[in-house]
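The chain contents come next:
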Amino acid sequence: MRLLADPLRARIVQILAEGPATTSHLVADTAAKQPNVSGHLKLLREAGVVTAEPRGRFTYYRLVPDLLQGAALHLADLAAQARANSENFRAC
């Protein structure tokens, strides 16, 4: 969740949901500086959210849907648990 808390990183993920893109594409789509975009891509790669795929002179970045789906299911389970236990106050 912390990964997506940054607005630019969340925008990069949103763009990559539309399909693989290069750093140049992401810079153009976000109007962010290239070093900033590259730094965010590095964090997303390290977390396993994004993979890099060399194609000729370019590197394309792609989302890992299974990781996102797993995180979404985990959050949905937490929401269901919180809803089910919203009236279970602990005794003091």
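Note that the coordinates shown come from a computational prediction; the quantities given were computed from them, not determined experimentally.

Colleague: Tell me about the pairing of strand 2 (residues 50–55), and name the residues and values.
Modeller: Where strand 2 lies against strand 3 (residues 58–63), 6 bridges are found, and the strand directions are antiparallel. Residue Val50 lies in a different strand from strand 3, and its bridge partner there is Leu63. In this structure, the hairpin formed by strand 2 and strand 3 is closed by a connection of 2 residues, where Gly56 is found at a positive phi of approximately 65°.

Colleague: Please set out helix 4 (residues 34–46) residue by residue, giving values where relevant.
Modeller: With 13 residues, helix 4 should reach 18 Å at 1.5 Å per residue; the first-to-last C-alpha distance of 18 Å fits that figure. Of the residues making up helix 4, those classed as buried are Val37, His40, Leu41 and Leu44. Along the long axis of helix 4, the arc covered by the buried residues comes to 100°, so they all point the same way. Away from its buried face, by an angle of more than 90 degrees, helix 4 presents the exposed residues Pro35 and Glu46. Turning to helix 4, the residues buried within the fold contact helix 1 (2–5), helix 2 (7–17), helix 3 (23–30), strand 2 and strand 3.

What counts and what doesn't
Residues numbered from 1 in each chain as written. Predicted model: local features only at pLDDT ≥ 70, side-chain atom pairs only at ≥ 80, totals over all residues. Heavy atoms only, no water. Pairing = 2+ DSSP bridges. Helix = DSSP H or I, 4+ residues; strand = E, 2+ residues; numbered from the N terminus. Expected span 1.5 Å × (residues − 1). Buried < 20%, exposed > 50% of the residue type's maximum accessible area, 1.4 Å probe, protein only. Arc of directions from axis to C-beta. Contact = heavy atoms within 4.5 Å.

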